[in-house]
Amino acid sequence: MKRLEILNFKSPNRAPLKVEGFLFGEESKGPSIAIVGAMSGDHINQLYVASRLVDYLRQKEEEGKIIGKILVIPAVNTYALNMGETFWPLDKTDINMMFPGYAQGETTQRIAAKLFQSLQGFDYGIILEGRRDQGMCLPYVKIIKSGYEDIESARDLGMRFIHYRPYSPIETVMLQYNWQLWETKALSIVFGKNGAINNTTSSEVHEALVRLMTKRGMLDLPMFEGYSSNIIQPEYITVLKASRAGIFDSVVSCGATVEKGDILGRITDALSGEKLEKIVAPIGGVLTCQYASPLIFQNSIAFRIASVEK
Amino acid sequence: MGVIEEVFSIDLPVGEQFRIQRCRYTPKEGETSKRISIVSGIHGDELEGQYVCFLLGEWLRANPDKIKATIDIYPAINSLGLDSITRSVPFYDVDLNRIFPGSKNDFLPAQIADGVISAMSGSEIAIDIHSSNVFLREIPQVRIAKSQEKTLVPLANKLNIDFVWVHDAVTVLESTFAHAMNTLGTKTLVVEMGVGMRLGKAYGHQLLDGILNLMAEEGFLAIEPLNVRFPIQSHVGEVAYLNASQPGLFVPSIEHCQMIEKGSVVGTIVDPLSGATLDEVIAPIGGILFTLRAYPIVYEGSLVGRIFGENG
Ligand SMILES: [Zn+2]
């Protein structure tokens, strides 16, 4: 294992920002992969999965099981992680909105540029992502249609769902899109609840990463098969909104199979305690996502259900 | 007097609503579908536009007989942010101006964006007033994406601003309010002036004159057009960006944005711990310094100024 300094950035008053990468194996022996962990300060589960993977790969390297080249960068925005911020603490910009970066630009553009430079030339690229809202979801693969996406490597993760959809304009400044453009088979795994660690979810993502690396010839290990992934296009997802605001409690968990008519959650008035709403499944399917805060806004998305039929 | 209307409302969890309000002024006589929207507070830490909204409202209250069409004033789009000094939408940390056109089927910020669009679409013109953020001070300027240059520059020239900046559009700007509105056929101008969390009275009055002039020329007000300044046009030169080369404390050498000569010192970056001067920020071209850093802490890369040089 080599511990690399991806970047070292001086601060006016605090200790320098150091972004570190952990490198395993050699490129000459097999394919290569880079895995990027927490780009935001609230992506704790992503940090946890990445650092656990570093420890795992260190052992596998000692056992001689690594064939290709593997780079893991567990955390990019350590400044934010260290102070409970989400974005870059000074100007609140999101590093994952600065790609491909600009070496002569603003601070987070420079950070993105250095990081992106270190991610060049890899065959596969994985971004461990948190959600951008208050939700909590089943771990899923997010792959956007840039024209350079590779569904086959996404399938080798063996995760239950692959969300495959057109990109939105803001995604053109994100890592996945740019990494694909620079010819790395890049995808994101979205999981967890921001600011928290979930062990079951973490294991599932860890296993998926190891499975992909095994199937694509970077690790020499016996491995369980995963799911035969369902590719979900946006039209197969039913969005259930809370028509009222208040205290929200869910009676089901992500991953549950639900039938049409099942009660999924309840909303009560935060002051009077009056029961305001029951959220009922309008369709059968798998509950992929739920609102993860106890206070819910009117019209917030309470649940998402993935179905086979529309 | 204008009529205050609520155009969007969402219940918040504990006994309150998030709402967007407008003050609508209509002609005393006769219906008109001709409409203009004056918008501010998409970013919760930008307050210069609120003052312009006040000044305009004050003028319209005093001159009701001059109103020829519908004039809508929306001073506070991100109302939660404005009352909590938060640039983004609180709770979600999402920049509202990166989520347009929004959607009814997405989280709160996207629903707000969707609500804003449905309230304002159908307007002939919209003027979206921003300050800079807390980091930078800007002279009054209008920023226009190159693709909209033809329709928008003639309008911007009526606004009594100092500078029209036609920029190459970046994909990410497709998620702004202005882009969404322009796409829907409302000629939308984005004004940037002043600095975040502060209020510059002079700039407010300057833009008020511009808005009155534009409304006179475009048939919203029955008044004579005002004698306004003609802005510098960005296509006749180039914009130079000044980024800090060192982390430290930026101490400007000039008070405000102004004309500057090539080679002169814009400011110094100093180290409060050692007492050393780390770097001098030198103007690489002469011209108008239309952006100047207002917040002193800088990292490597922090923007400290922008100069527009007429000669290139
Ligand atoms: Zn703004």
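- As recorded in an unreviewed UniProt entry, chain B goes by Succinylglutamate desuccinylase/aspartoacylase and comes from Sulfuricurvum kujiense.
- Database annotation for chain B, UniProt heading Cofactor (unreviewed entry): "Zn(2+)".

- Under the annotation held in an unreviewed UniProt entry, chain A carries the name Succinylglutamate desuccinylase/aspartoacylase and is attributed to Sulfuricurvum kujiense.

## Topic: the coordination of the zinc ion
Residues and elements named next belong to chain B.
Part 1: Taken together, H43 (ND1), E46 (OE), E46 (OE) and H130 (ND1) make up the full set of protein donors to the zinc ion, lying 2.0 to 2.3 Å away.
Part 2: Linear spacing of the donor residues for the zinc ion on their chain is H-x2-E-x83-H. With E46 in the loop between strand 3 (35-40) and helix 1 (48-62) and H130 in strand 5 (residues 125-130), the pair connects residues that are 84 residues apart, well separated along the chain.
Part 3: E46 sits in the buried class, given a relative accessible area of 3%.
Part 4: On the basis of relative accessible area, H130 is assigned to the buried category, the value being 2%.

## Thoughts on the nonpolar core
Part 1: If you look at the biggest cluster of nonpolar residues, it comprises 46 residues, and the most contacted ones within it are L264 and F303 of chain A together with I77, I112, M120 and F177 of chain B.
Part 2: Counting residues per element, the ones that place at least two in this core are strand 13 (263-268), strand 14 (275-280), strand 15 (285-291) and strand 17 (301-306) of chain A together with strand 1 (3-12), strand 2 (16-25), helix 3 (108-120) and helix 5 (177-183) of chain B.
Part 3: With eight residues, helix 3 of chain B is the largest single contributor of residues to this core.
Part 4: Look past the residues within four positions of M120 of chain B in its chain and what remains in contact with it is R35, S37, V39, Y74, I77, F177, M181 and T186 of chain B.

## Quick word on the state of the cysteines
Residue and element names in this part refer to chain A.
Part 1: What the rule picks out here adds up to zero disulfides over all chains.
Part 2: Looking at C137, it has no disulfide partner, and the nearest cysteine sulfur is the one in C289, 5.5 Å off.
Part 3: Left without a disulfide partner, C254 is nearest to the cysteine sulfur of C289, which lies 6.1 Å away.
Part 4: On the accessibility criterion, C254 (22% relative accessible area) is partly exposed.

## Looking at the interface of chain B and chain A
Part 1: With 37 residues of chain B at the interface, the matching set in chain A holds 40 residues.
Part 2: Interface of chain B and chain A: buried area, both sides summed, is about 3100 Å²; carbon and sulfur atoms make up 62% of it.
Part 3: Looking only at chain B, the three residues that lose the most surface to chain A are P13, F91 and Y299 of chain B, adding up to 22% of its buried area.
Part 4: Here chain B is connected to chain A by one salt bridge.
Part 5: Taking the shortest distance from any N to any O, the salt bridge between E300 of chain B and R110 of chain A comes out at 3.0 Å.
Part 6: Mapped onto the side of chain B that touches chain A, the elements with two or more residues apiece are strand 1, helix 3 and strand 16 (297-298) of chain B.
Part 7: For the side of chain B that touches chain A, the leading source of residues is strand 1 of chain B, giving four residues.

## Focus on helix 4 (residues 149-156) of chain B
Part 1: Turning to helix 4 of chain B, its buried residues are L152, V153, L155 and A156 of chain B. Buried residues along helix 4 of chain B cover an arc of 165 degrees about the axis, so they all sit on one side.

## Quick notes on helix 3 of chain B
Working note: α-helix, 3.6 residues per turn, so residues spaced by three or four point in the same direction.
Residues and elements named next belong to chain B.
Part 1: In this model helix 3 runs 18 Å from its N-terminal to its C-terminal C-alpha over 13 residues, within 8% of the 18 Å that 1.5 Å per residue would give.
Part 2: By the criterion of burial, helix 3 is predominantly enclosed, with twelve of the 13 residues buried.
Part 3: Those residues of helix 3 that sit buried are L108, P109, A110, Q111, I112, A113, D114, G115, V116, I117, A119 and M120.
Part 4: Residues of helix 3 that are buried make contact with strand 1, strand 2, strand 3, strand 4 (70-74) and helix 5.
Part 5: Two residues or fewer after helix 3 comes G122, characterised by a positive phi angle close to 100 degrees.

## Some words on the domain arrangement of chain B
All names here are of chain B.
Part 1: We note that the domain assignment places domain 1 (3-230) and domain 2 (235-310) within chain B.
Part 2: Computed over C-alpha atoms only, the centres of domain 1 and domain 2 are separated by 29 Å.
Part 3: Between domain 1 and domain 2, the contact holds twelve residues from the first and 16 residues from the second.
Part 4: Counting the surface lost from both domain 1 and domain 2, the interface buries some 1200 Å², and carbon and sulfur atoms represent 67% of this.
Part 5: Of all residues in domain 1, F135, R137 and W165 bury the most surface against domain 2, accounting for 44% of the area lost on that side.
Part 6: At the junction of domain 1 with domain 2, the criterion picks out one salt bridge.
Part 7: Across the pair E138 and R306 runs a salt bridge, and its minimum N-O distance is 3.1 Å.
Part 8: Counting the contacts that link domain 1 with domain 2 gives six residue pairs in polar contact (both at pLDDT 80 or more).
Part 9: Every element with two or more residues in the side of domain 1 that touches domain 2 is listed here: strand 6 (136-145) and strand 7 (163-167).

## Things to note about the sheet that holds strand 11 (residues 246-250) of chain A
All names here are of chain A.
Part 1: With respect to topology, four strands assemble into an open sheet ordered 14-13-11-16, the strand pairing being antiparallel. Bordering the open sheet on either side are strand 14 and strand 16 (295-296), each of which pairs with just one other strand.
Part 2: Bridge analysis of strand 11 against strand 13 gives four bridges, and the strand direction is antiparallel. Bridging from a neighbouring strand, F248 pairs with I267 of strand 13.

## Section: the UniProt feature "domain: Succinylglutamate desuccinylase/Aspartoacylase catalytic" (unreviewed entry) in chain B
Part 1: The feature "domain: Succinylglutamate desuccinylase/Aspartoacylase catalytic" (unreviewed entry), as given by UniProt, occupies residues 34-216 of chain B in the numbering adopted here.
Part 2: End C-alpha to end C-alpha, residues 34-216 of chain B measures 13 Å, and it is 34% helix and 22% strand.

## Thoughts on the environment of P31 of chain A
Residue and element names in this part refer to chain A.
Part 1: Topologically, P31 is positioned in the loop between strand 2 (17-25) and strand 3 (32-38).
Part 2: As for P31 and Y124, which are separated by 93 residues in sequence, their C-alpha atoms are 8.2 Å apart.
Part 3: With sequence-adjacent residues up to four places away left out, P31 is seen in contact with G68, K69, D123, Y124, R216, G217 and M218.

About the thresholds
- Going along each chain's sequence as written, the residues are numbered from 1 onward.
- Chain A is the first chain written and ligand 1 is the first ligand written, with later ones labelled in order.
- Local features in a predicted model are, by the rule used here, given only for residues with pLDDT of at least 70; side-chain atom pairs are given and counted only at 80 or more, and totals for whole chains, interfaces and linings are based on all residues.
- Working from all heavy atoms in the structure, the side-chain values ignore hydrogens and water.
- UniProt positions are given in the numbering used here, feature names are shortened, and annotations may be inferred rather than shown by experiment.
- Counted as donors are N, O and S atoms no farther than 2.8 Å from the metal, or 3.2 Å for Na, K and Ca; water is not among the atoms, and sites may therefore look incomplete.
- Runs of E in the DSSP output that reach at least two residues are strands. Runs of H or I that reach at least four are helices, and both are numbered from the N terminus.
- Each residue gets one of three labels from its accessible area relative to the maximum for its type: buried under 20%, exposed over 50%, partly exposed in between, using a 1.4 Å probe on protein chains only.
- Nonpolar cores are built from buried Ala, Val, Leu, Ile, Met, Phe, Trp, Tyr and Cys residues. Side-chain atoms within 4.5 Å join them into one set.
- By definition, residues are in contact when any of their heavy atoms lie within 4.5 Å.
- Working definition: a disulfide is two cysteine sulfur atoms within 2.5 Å of each other.
- Summed over both partners, buried area is the accessible surface (1.4 Å probe) that two parts give up on being assembled.
- Salt bridges, as used here, are contacts in which a Lys or Arg side-chain nitrogen is within 4 Å of a carboxyl oxygen on Asp or Glu.
- Throughout, the arc means the angular range of directions from the helix axis out to the C-beta atoms.
- An expected span of 1.5 Å times one less than the residue number is assigned to each helix.
- Source of the domain bounds: an automatic or database domain assignment.
- Whenever a nitrogen or oxygen atom comes within 3.5 Å of another N or O atom, the pair is scored as a polar contact, on the condition that within protein one atom can donate a hydrogen and the other can accept it, and that pairs from neighbouring residues in sequence are kept only if both atoms are in side chains.
- Two strands are counted as paired when DSSP detects at least two bridges linking them.

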